[in-house]
Structure formats: C-alpha cells, structure tokens
Amino acid sequence: MDKPKRFLECLLPTTICNLECPYCYIIQEHRRKMEKVELKYSPEHIAKALQTERLGGKCWISICGAGETLIQDEAIDIVQLLLKEGHYVNITTNGTLDKQFDKLIERCNGNLNHLHIAFSWHFTELKKRNLTDRFFSNIVKIKNAGASILLQINLCDEYLPYIDEIKRISMEKLGAYPQVALTRDESCNPMKIYSSLSDEEYYKIGKTFDSPLFDFTFKNFNVKRNEYCYAGEWSGVLNLQTGWLSKCYANCEGQNIFENINEPIKFSAVGRYCQNCYCINSSHFMSLGVIPEIETPTYAQLRNRPEAHWYTPEMETFLNFKLNESNKEHSKVYMELKECYRNIRRKFNI
C-alpha cells in the first residue's frame, strides 16, 4: 500500500493563459507577461532529479503554472516521467485545452490511476467564451480514462449572481457540487478575502456548497502558526524552471536540486520559525500533516466527493495518509536544542 513520503509543490513559471480572470493572483501582482519559460533542464533530467530513491519514496507531486499549466510544452513529458518513476502527480489546469488531455491519456496510459487533475472552473470566463461544454467534456474524458478529478471554483463577487446555476451545472455534469476555494486579495498587507462582502457574508455563501475545502481554508486564513512545522523536511516548493527547492512559500532557504542529481538532497524543517502571517496553501501542506500536532482532515477528505467517485481507489487511499505516517517526528529534546541553536544565531546575527 503506497504512502506519500514527501509533498512537492512544483511551479512552472509560464504566465501564458487563454483566460483572463479578475481574481488571478498573477494579474493582481502585475506579473502576467504571456510568455512561456525556457526550462534549464530537460524533462528527463528533472525526472532523474526526482527519483524515488533520492526523495526517499513515492511522493505527492503537484504541478501548477503561473498561467495555464498545460500550455508549457514540457508539462506532459514531466508528468509522464514522474508517473513512471512511481510518484502520484497532480496537474492544476483550466480544463480547456482538448488536445493536451488527449496527449495526457495517450502518454500516461497505464499510470492514469496515479494521476489527479484539479480542474479550476473559471465560470464567467468560460461562459463568456462559450467554453463550458468543452471544459466538462474534458473532465469526463479524463475521469473515464481512469484518472482522479477535482472540480474547484474560486468564490468571488463576480460569481454571486450565478451561485444556483453553478450548483445545478456541477450536479448535472459531475454528480456533486464543486469544492470551493477562498479567494485572496494579495494587494493588501495583511491579505484579505477578495470580496466586497463581509467575512461573515462571504462564509455564509461558501457554506451553502457543503465544501470541506472551503471550510478548512476559511478557518485557517490569516491564522498565524507557531507549532513545529516539518515543511522543508517532509515537503517543499520546487521551481521546475531552475531546480530551486525552498522549504515553503514563506521560507526561501533551500538548494538547487537539479544541478547535481548525484548529490543527496538536504532536507531541513522550518520548525517554529514560520515567517508568514499564515500557512499559504494550508489545504495542501497542513492537510498532509506537516504540523502533526494539529488535527486536520486528510488531503482527500478536503477534495474528493465520495458520492460522485471523483477519486480512483488508489488515489483515495494514497491521499488519506499523512506524511508523519511515512516519516519520523523529531524528539522533544532535538527540537528544543534546534530552537536554542536558532535563537543563538539570531541573537548574534550569524
């Protein structure tokens, strides 16, 4: 029975997208250049750098673009090779590129039960461009081919007049409501919810979707974490263009793991020194158990709709495990010594 050894959040920093959503973080931050990126390493090299032996076992690897993930030419090759390596792989996509899904099915045949596609439903953009039927056709195609699927929608003000329509279409097409993502306004410091509604009004609408994902992200939004965190040891954020592996979104300490793939990767936990105001992508990291002392639903429990069988049995089993079931937690003595050492370094700026 496969259990995840580590979780890697992988970024393909291409900013090209065929949609233009108002809540897009890349647009909010004025980083959209509509450019593909030139990867410094081939898909074959990337797969060798991420071999199960080097990472310690089979991992949960999630790939997302800064634009549309599947526009980057190498994306499918990377996914195919990582699946062959034995990993379980997620791709986040807007679901509109028909030919890319045909390629995925053809190239990943035999390993599709280890593939998870997170379909982001950009409702008004698809409606405006008459792409809704294409979007759901691709979801059904991928699911019927043997992969797991997630339908996710960002709750924003633009969608408020269409809430009933969104629920109806989702139920008709996929047998369940979408999982709902809280949408951040990243122009603010601290961040706030991307809505003119009060937090209470926003939550009341999101709650009607009966979405575990929404409940969890709302509960943990802007909540500062001070517990011992194993991000950096059990998980990391990897730039697939450069090979830079950092501990998490808030801690850029790390190493280039693509330069010399014969060298072991040095994994080191963040500990109690999280530098962020809250856990970015808590629904990924925290649900996978990087903070073991906090009880959370599993990754699968936040995303699957069991009544509609969105997940394959293999994927559901794999994503119902947590990382501390494949890794050893540090002793209290070790953690106290490490905290003391860090305090000394901070005090003397060394």
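Calculation rules
Residues numbered from 1 in each chain as written. Predicted model: local features only at pLDDT ≥ 70, side-chain atom pairs only at ≥ 80, totals over all residues. Heavy atoms only, no water. Pairing = 2+ DSSP bridges. Helix = DSSP H or I, 4+ residues; strand = E, 2+ residues; numbered from the N terminus. Axes fitted to C-alpha atoms, helices over the stretch in contact; angles between N-to-C directions. Phe/Tyr/Trp six-rings, centres within 6.5 Å; stacked < 30°, edge-to-face > 60°. Buried < 20%, exposed > 50% of the residue type's maximum accessible area, 1.4 Å probe, protein only. Lys NZ or Arg CZ within 6 Å of the ring centre and 35° of its normal. Parallel < 35°, antiparallel > 145°, perpendicular 65-115°, else oblique. Contact = heavy atoms within 4.5 Å. Nonpolar A, V, L, I, M, F, W, Y, C, P; charged D, E, K, R; others polar. Salt bridge = Lys/Arg side-chain N within 4 Å of Asp/Glu carboxyl O.

## Some words on the sheet that holds strand β4 (residues 115–120)
Right, so step 1: Reading across from one edge, β6-β5-β4-β3-β2-β1-β9-β10-β11 is the order of the nine strands in this open sheet, with mixed pairing throughout. This sheet does not close on itself; its edge strands, each paired only once, are β6 (179–182) and β11 (254–256). Strand-to-strand twist across the sheet, computed as the mean angle between neighbouring axes with direction ignored, equals 25 degrees.
Right, so step 2: Note: strand β1 (residues 7–12) against strand β9 (residues 235–239), five bridges, orientation parallel. Bridge pairing links E9 to V237 in β9.

## Considering the packing of aromatic side chains
Right, so step 1: One pass over the structure, following the stated rule, counts 21 aromatic pairs.
Right, so step 2: For the pair Y88 and F318, a centre-to-centre distance of 3.7 Å together with 5 degrees between the ring planes defines the contact as stacked. With Y88 in strand β3 (residues 88–93) and F318 in helix α13 (residues 313–318), this residue pair connects regions lying 230 residues apart in the sequence.
Right, so step 3: We classify F318 as buried; its relative accessible area is 1%.
Right, so step 4: An angle of 65 degrees between the planes, with centres 5.6 Å apart, marks the rings of W121 and F123 as edge-to-face.
Right, so step 5: Classification of W121 as buried rests on a relative accessible area of 1%.
Right, so step 6: Linked through ring pairs, F101, F119, W121, F123, F135, F136, Y159 and Y162 together constitute an aromatic cluster.
Right, so step 7: One Lys or Arg, R6, reaches over the ring of F267 and ends 3.6 Å from the middle of that ring.
Right, so step 8: Of note, R303 hangs over the ring of Y299, and the distance from its end group to the ring centre comes to 3.7 Å.

## Side note on the packing of helix α5 (residues 98–107) against helix α7 (residues 132–145)
Right, so step 1: The contact between α5 and α7 brings their axes to 10 Å, and the two run at 0 degrees. Comparing the axis directions of α5 and α7 gives the class roughly parallel. Between α5 and α7, the contacting residues are D98, F101, D102 and I105 on the first element and R134, N138, K141, I142 and A145 on the second.
Right, so step 2: Classifying every residue of the contact of α5 with α7 by side-chain character gives four nonpolar, one polar and four charged.

## Description of the pattern of salt bridges
Once their charged atoms are close, side chains differing in charge can pair, the charge on each being opposite to the other.
Right, so step 1: Enumeration according to the criterion identifies 13 salt bridges in this entry.
Right, so step 2: Measuring nitrogen to oxygen at the nearest pair gives 3.9 Å for the salt bridge that ties K173 to D133. Placement of K173 in helix α8 (residues 163–174) and of D133 in helix α7 is noted, with a sequence separation of 40 residues between them.
Right, so step 3: A relative accessible area of 57% places D133 in the exposed class.
Right, so step 4: The shortest N-O distance in the salt bridge between R168 and E172 comes to 3.4 Å. With a gap of four residues between them, R168 and E172 both fall in helix α8, about one helical turn apart.

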